[in-house]
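Residue strings, one per chain:
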Amino acid sequence: MLDQLIHLKVNGTLHTVAVPPHRTLLEVLREQLGYTGTKRACRVGDCGACTVIIDGKAVLSCLTLAVEVQEKEILTIEALGDGDRPDLLQQSFVDCGAVQCGFCTPGMVLSAKALLDENPQPEREEVRRAIAGNLCRCTGYAKIVEAIEDAATRLS
Amino acid sequence: MSEYAVLGKRLPRVDGPVKAAGTARFTDDLSLPGMLHGKILRSPHAHARILRIDTTLAESHPGVRAVIVGEDFGDYRYGLKPDTRDEYPLARGKVRYLGEEVAAVAAVDEDTALEALELIQVDYEVLQAVTDPEEALREGAPLIHDDKPGNISVHMKTSFGDVDEAFRQADYIREDRFYSQSVLHGFLEPNAALALWEAPNRITIWASKQSPYFLYRNLSNCFNVPLSNVRLIQPYIGGGFGGKNGGYPVDFCAVMLSKKSGRPVRIVLTMEEVLSSHRRRHPMIVWLKTGVKKDGTLLAHDCRIIADGGAGTGVGPSTIANAFYFLNLPYVVPNVRFDGIRAYTNRPISVAQRGNGIQQIRFAADVQLDMIAEDLGRDPVEIREKNGAYTGYKTTSGMHVKSCGLRETITEAIRAAEWETHYRPWREKMHEPLGRIATGVGIACNSFESGARLTGHNCCTAVIKVHEDGTVSLLTGSTDSGQGSETVLAMIVAEVLGTRLEDVFVPQTDSSVTPVDPGSFGSRVSSTAGNAVLIAAKDAKQQLLKVAAELLKADPDTIEFRDRKVFVREAPERSLRFRDLARQTVAWGSGTTVIGQGSWGQSIPPLNFETGEGDAGGAYSFGTQAAWVEVDTRTGKVTVPRMVVAHDLGFALNPLAVEGQHEGSIAGGVGHTIYEHCVEENGQNLTPNLTAYGLPTVYDLPEEMVSLSIETIDPVGAFGAKESGEGTQVSTIPAIVNAIHNAIGVWITDLPVTPEKVLKALRDKKAQARATTEGQP
Amino acid sequence: MRLKKFEHFEPRTLSEACQLLKEHAGKAAVIAGGTDLVVRMKYGVTTPEYLINLKKVEGLSSINLVGENLHLGALATLTQVRCSDLVRERYPVLAESALAVSAAQLQNMGTIGGNICLEPRCWYFQQGSSWRQARADCFKNGGAVCYMAKGSTRCYALYCGDTAPALLALGAKVRLVSPCGERTVPIEEFFVDNGMRHTDLQPAELLAEVILPGPGAGQHGTYLKYRKRGALDFPIVGVAAVITKESTAASRLRIAVTGVGSSPLLVVPPADFPAGSGLTHEMINRMAEIARKQVKPVSHMEVSPSYRKELVGVLVRDALEKLAGA
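Residues numbered from 1 in each chain as written. Chains lettered and ligands numbered in written order. Predicted model: local features only at pLDDT ≥ 70, side-chain atom pairs only at ≥ 80, totals over all residues. Heavy atoms only, no water.

**Here's the deal with helix H1 (residues 25-32) of chain A**
Every α-helical turn comprises 3.6 residues, leaving residues that sit three or four positions apart pointing alike.
All names here are of chain A.
Part 1 of the argument: Within H1, six of the eight residues are buried, leaving the element largely enclosed by the surrounding structure.
Part 2 of the argument: Of the positions making up H1, those classed as buried are Leu-25, Leu-26, Glu-27, Val-28, Leu-29 and Arg-30.
Part 3 of the argument: Its buried side turned inward, H1 meets strand S1 (4-10), strand S2 (13-19), strand S3 (51-54) and strand S5 (73-75). (Buried < 20%, exposed > 50% of the residue type's maximum accessible area, 1.4 Å probe, protein only. Helix = DSSP H or I, 4+ residues; strand = E, 2+ residues; numbered from the N terminus. Contact = heavy atoms within 4.5 Å.)

What follows is the structure in structure tokens.
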């Protein structure tokens, strides 16, 4: 199949990129656009490590075709702060010890961001529900939940 | 411990910001110009002879740059010890488990590499497979390695004290069989390697390794390249838990494909490959016979185990030895007999996993202790307090307990669990009808080696460079696979040199630059590398002191380093900034560069794999866990809403990191107890994805986890610290299983605790009770 | 785990989509949210040469009230469904079932149409191609064996959709569109249980929308799901129960179960079931027993048939107790 020229708006920047239809958004973000903060773990929708935000909703980039998300607002972890200047949510993750190996972290942060953007003062249950699709082996999740609640408090 | 400026504080980890920002680079995030993508062809049979491999079609496929098979590696084999080298980079002659690596391809992109795999033709002669360890040990079972008769990979038979006499003296003896299933490490970052071969003989490899220097030696041997030419650079590691210790086929293949193609090659496994054919924890059958006095005093253990080793030995000898060692602790058991066999089977290779061999044995021993307590009408807390090891205790087998806060951990754990309020022995509850949700509490204790002693190279070395602006680099070969050791080691440097944590930079391991190190396993890093770092920091400080003494015109003994200042203790106004001292040191006189160095290893004899005599590590941690469970008596579903960890870790170098270790241990332990299981059929894993396998989500782990640190200031570890990341997972299983018994009166001795098993156990108990009643006149 | 090549179409209308489907009959697949299909394509168990993407079809994701009936476009996401005020107020059981699907990301992506048409699942079927090379193909993959029910002459993959039981219990209808026209059928007629296909979708036919009859006053429903983990997992058993007041003296009870066969099962109370005057303890027990007897699960994915039946009983009882208390 021939490559198609598609336009992807990632973190506010419009990229024009040639891709065949069978490329997932995850592959295009990582392999062609260099957004390696989006992690490639299970690749079949089981773990949430590749979570990105599209039009305000957390979705899995491993199950999304790149060609079908043109004209949409795609946010990856790179849209938030960088290592020197983390945004408030990322800072809460760091301060609360919600980061260990860090492989689930970008997806986890984005699931949390999608929640807080929509619901700045979530209940505990809403926090848990928002990250229930993001697996973490290191932390046991308690500090992740704490970090998101901490960010919600600091945001208010 | 307020005398410390940095240590003992809840400091966020130094690599937190880059990880949260997504800019921390893992192996899969790296690429090089001209890089090829590698893929591995795996065996569809659990046991088969390879008759022929035809790679012609794959080689001529457009975009393919190299294809390799077992022959490319000659006769190279690898393994922990000279007599256990039974693993191949790619299968030679036969395949021994389903998913074993048979060939590999490098191509211009992943799609092409995958297409090429389909073009490789392999003819197999299928052999009878044996996937059950007990079957494998039976006479006449198919032989997995021709030179390993009886399919015995490891056999350790040993005895201390007089076990037979102890049983004769025992008032009560109990014998039970326990089974711990096949579970996976569960890291989210699949194994990956990026290799660059530069002719004539240089290897550079970026690979996700807990122990980079194992692979460094492996590659030197495999490719006949001097060690100085093996450069292993360690990117961030997305979790290891024992599944990223040494070299694996993915690493060897990446290098060989690069050598053959002349291009850099990256191989990243899929999660399906990791779950179906990579390493896992040893499934283990444990028969445990225990003799006690009427009052619950432990007299003897007689234990037999069969561990399912899979098709290779890996670090299996240490797993079996650990199982033996931790029959001797955390309780005083004066007489211990052990017969441990690790059997080869046609299954993926079993290796270490957080707690290496100890989970399985402590599950058996600590559940059986509760059984005994119940049989004798004793209290589970009291029986643990009575039998607990203590500071100064030496096991009959020769393990020296130099610090022990076991009793304090019991006290703290039951206090936090509100034990007195919630615990009622089952015998008091058994006549009450079970509600829909039955609740119970349980405890279990643990001990673990703090800094495993190896055979061969054992010590850690640290090098500290003080830069002229007052910042510091710490070079260490100890890796941080997520546990936070990088932060803790940097804190030690900052403490000694009186700088701040942010002034210390820890470059990731690079075998050309950082000192050789055993790596991250056996709970070594904080305790063992920590001591090396402490010595190195003191060495650097000593060098700086000389200059400071001249500048401040004071005796070196009177000078203090704290918060970026160097000053005379009794006259703090006589001070200079640390950065000025650093600059002046470079310029002073003829000038000098401050490089501190330190090496430290446990000063105990190497592990004795034959008899198990002596120590397993430099020190021992102790701990207690309490679990609160809810059992749905209609579905059998068990949940653990609350769990307490009280751990004697010597000294909490960083309490925030410690909590993370405790909570992570609970996560792995709850998964192992209730959720996780590789369901297999003829050597094929039917659950090779995280959903079918059942890695716990946020809803499946205790919402409330209490982490308590008991500080005993160990004489061996750096600043008195002992391990806190593995022992804490050892007692999770028995604490939960004991709590289930407390809730519903049944003993689950076969893991995982699936709802169906719980329901069946409840039914069986009811039927038994009915039969007993009916049998009465 | 990479997708094989295909040609991608983004039709703007349903008829265009049907036309494409007809043109590429046998070689095309329809994609909506993609959460089920893309995984199967990555595994290589579904290998379409043409992918017909419905996301650009106008109006296919709307949720509208038409008279008393609620029309849910097939492309409405599960998040849309569970957050829709119309759904939450009128059919809370459907919102509950959408919320029970997997986790947030999958609810944001997955659609109601896709969830209804969810491919039945089995450990021997949803596996990567190299995994499947280790054994002969099963029925689902073009072979002649079912590893789940050995010796059987059909596939016993399990239907695991969460929203279907809610829709069955609510008496929903589905509107199906094809190049030859369209038809609207009760959802229970849409599902078939013959092992190979689980829906009555004809070649070139598409599920366009779901139509829910007005709830009237006094309808109560609930969806209960039993799964291994608290999120992400498909149901081991899911039970939806809806009780609808038809007059002051008579109510109608509908119960539907997922996870027990190759399609969701509607458990209809027997004719003599006195659902007129509220649910008594005896009625609840009897209904649980009826449901338990009606399901005929096979041993599946680490769950024995008897345990699955047991769960059906427990969930039906819990659901009805909840309704009785409501």
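**Describing the domain arrangement of chain C**
Residue and element names in this part refer to chain C.
Part 1 of the argument: For chain C, the domain assignment lists domain 1 (1-58) and domain 2 (63-117 + 158-325).
Part 2 of the argument: Relative placement of domain 1 and domain 2: their C-alpha centres are 26 Å apart.
Part 3 of the argument: At the junction of the two partners, domain 1 supplies twelve residues and domain 2 supplies twelve residues.
Part 4 of the argument: It is Leu-14, Cys-18 and Thr-35 that lose the most area in domain 1 upon contact with domain 2, and together they represent 44% of the buried surface on that side.
Part 5 of the argument: For the pair domain 1 and domain 2, the number of links is zero salt bridges.
Part 6 of the argument: Taken together, the connections running from domain 1 to domain 2 amount to zero residue pairs in polar contact (both at pLDDT 80 or more). (Domains from an automatic or database assignment. Buried area = accessible area lost by both parts, 1.4 Å probe. Salt bridge = Lys/Arg side-chain N within 4 Å of Asp/Glu carboxyl O. Polar contact = N/O pair within 3.5 Å; in protein donor to acceptor, adjacent residues only side chain to side chain.)

**Side note on the nonpolar core**
Generally speaking, nonpolar side chains in soluble globular proteins are found buried as a group.
Part 1 of the argument: Membership of the largest hydrophobic core comes to 301 residues, with the highest contact counts inside it found for Leu-8 and Phe-93 of chain A, Ile-205 and Phe-223 of chain B together with Leu-94 of chain C.
Part 2 of the argument: Among the elements that make up this core, the one with the highest residue count is helix H10 (residues 358-376) of chain B (ten residues).
Part 3 of the argument: Excluding residues within four positions of it along the chain, Phe-93 of chain A makes contact with Ala-98, Val-99, Thr-105, Met-108, Val-109, Ala-112, Ile-144, Ala-147 and Ile-148 of chain A.
Part 4 of the argument: Listed in part, the 54 residues of the second largest apolar core include Tyr-4, Cys-460, Met-491 and Ala-582 of chain B. (Core = buried A, V, L, I, M, F, W, Y, C linked by side-chain atoms within 4.5 Å.)

**Quick notes on the packing of helix H2 (residues 88-95) of chain A against helix H5 (residues 142-155) of chain A**
Residue and element names in this part refer to chain A.
Part 1 of the argument: Running from N to C, H2 and H5 cross one another at 135°; their axes reach a closest spacing of 8 Å. Compared by their axis directions, H2 and H5 come out oblique. Helix-helix and strand crossings are classified by hand; for H2 and H5 the assignment is right-handed. Between H2 and H5, the residues in contact are Leu-88, Leu-89, Gln-91, Ser-92, Phe-93 and Asp-95 and Ile-144, Ala-147, Ile-148, Asp-150, Ala-151, Arg-154 and Leu-155, respectively.
Part 2 of the argument: When the residues that make up the contact of H2 with H5 are grouped by side-chain class, the tally is eight nonpolar, two polar and three charged. (Axes fitted to C-alpha atoms, helices over the stretch in contact; angles between N-to-C directions. Parallel < 35°, antiparallel > 145°, perpendicular 65-115°, else oblique. Left-handed = near helix turned anticlockwise from the far one by under 90°. Nonpolar A, V, L, I, M, F, W, Y, C, P; charged D, E, K, R; others polar.)

**Looking at the interface of chain A and chain B**
Part 1 of the argument: Taken residue by residue, the interface counts 47 residues in chain A and 56 residues in chain B.
Part 2 of the argument: Both faces considered, chain A and chain B share a buried interface measuring about 4,200 Å² in area, 55% of it formed by carbon and sulfur atoms.
Part 3 of the argument: When residues of chain A are sorted by the area they lose upon contact with chain B, Gln-100, Arg-128 and Arg-137 of chain A head the list and together hold 19% of the total.
Part 4 of the argument: Counting across the chain A and chain B interface gives twelve salt bridges.
Part 5 of the argument: Here Glu-659 of chain B makes a salt bridge to Lys-143 of chain A, at a shortest N to O gap of 2.7 Å.
Part 6 of the argument: Counting across the interface, chain A meets chain B through 23 residue pairs in polar contact (both at pLDDT 80 or more).
Part 7 of the argument: When residues in the side of chain A that touches chain B are grouped by element, the largest group, five residues, is from helix H4 (residues 124-131) of chain A.
Part 8 of the argument: Here the residues of the side of chain A that touches chain B are counted per class, giving 20 nonpolar, twelve polar and 15 charged.

**As for the interface of chain A and chain C**
One frequent convention defines the size of an interface as the accessible area lost when the parts assemble.
Part 1 of the argument: Between chain A and chain C, the residue contacts involve 31 residues of the former and 30 residues of the latter.
Part 2 of the argument: Roughly 2,600 Å² is buried in total at the junction of chain A and chain C, and carbon and sulfur atoms are behind 60% of that figure.
Part 3 of the argument: For Lys-55 of chain C, the salt bridge is made with Glu-68 of chain A, and the minimal N-O distance between the two is 2.7 Å.
Part 4 of the argument: One can count nine residue pairs in polar contact (both at pLDDT 80 or more) joining chain A with chain C.
Part 5 of the argument: Elements represented by at least two residues in the side of chain A that touches chain C include exactly H1, strand S4 (57-60) and H4 of chain A.
Part 6 of the argument: For the side of chain A that touches chain C, the residue count by class is 13 nonpolar, nine polar and nine charged.

**Let's talk about helix H1 (residues 14-23) of chain C**
All names here are of chain C.
Part 1 of the argument: For H1, the set of buried residues is Leu-14, Ala-17, Cys-18, Leu-20 and Leu-21. Buried residues in H1, looked at end-on, bunch into an arc of 160°, giving them a common side. Exposed residues pointing more than 90 degrees away from the buried face of H1 are listed as Ser-15 and Glu-23.
Part 2 of the argument: Where H1 is buried, its residues touch strand S1 (7-9), strand S2 (28-31), strand S3 (50-53), strand S6 (173-178) and strand S8 (206-212). (Arc of directions from axis to C-beta.)

**Brief notes about the sheet that holds strand S30 (residues 704-710) of chain B**
Residue and element names in this part refer to chain B.
Part 1 of the argument: Strand order in this open sheet of four strands is S18-S26-S27-S30, and the pairing throughout is mixed. Single-partner strands in this sheet number two, and they are strand S18 (437-452) and S30. Across the sheet, the axes of successive neighbouring strands diverge by a mean angle of 15°, strand direction being ignored.
Part 2 of the argument: Bridge analysis of strand S27 (residues 638-648) against S30 gives seven bridges, and the strand direction is parallel. From the neighbouring strand, Val-645 faces S30, where its bridge partner is Ser-707.
Part 3 of the argument: Helix H12 (residues 406-416) rests against S18, strand S26 (617-632), S27 and S30 of the sheet, and its axis sits at about 20° to S26. (Pairing = 2+ DSSP bridges.)

**Some remarks on the packing of aromatic side chains**
Part 1 of the argument: Counted according to the given criterion, the structure contains 25 aromatic pairs over all chains.
Part 2 of the argument: For the pair Phe-324 of chain B and Phe-338 of chain B, a centre-to-centre distance of 5.6 Å together with 50° between the ring planes defines the contact as tilted. Residue Phe-324 of chain B is found in helix H9 (residues 316-325), and its partner Phe-338 of chain B is found in strand S16 (residues 335-344); the two are separated by 14 residues along the sequence.
Part 3 of the argument: A residue is classified by how much of its surface remains accessible, and Phe-338 of chain B, at 0% relative accessible area, is buried.
Part 4 of the argument: Taking 5.3 Å as the distance between ring centres and 65° as the angle between the ring planes, the aromatic pair formed by Tyr-159 of chain C and Phe-191 of chain C counts as edge-to-face. Note that Tyr-159 of chain C is positioned in the loop between helix H8 (129-132) and helix H9 (163-170) and Phe-191 of chain C in the loop between helix H10 (187-190) and S8, a separation of 32 residues in sequence.
Part 5 of the argument: Each residue in the set Phe-160, Phe-324, Tyr-325 and Phe-338 of chain B is aromatic and connected to the rest through ring pairs, giving one cluster. (Phe/Tyr/Trp six-rings, centres within 6.5 Å; stacked < 30°, edge-to-face > 60°.)

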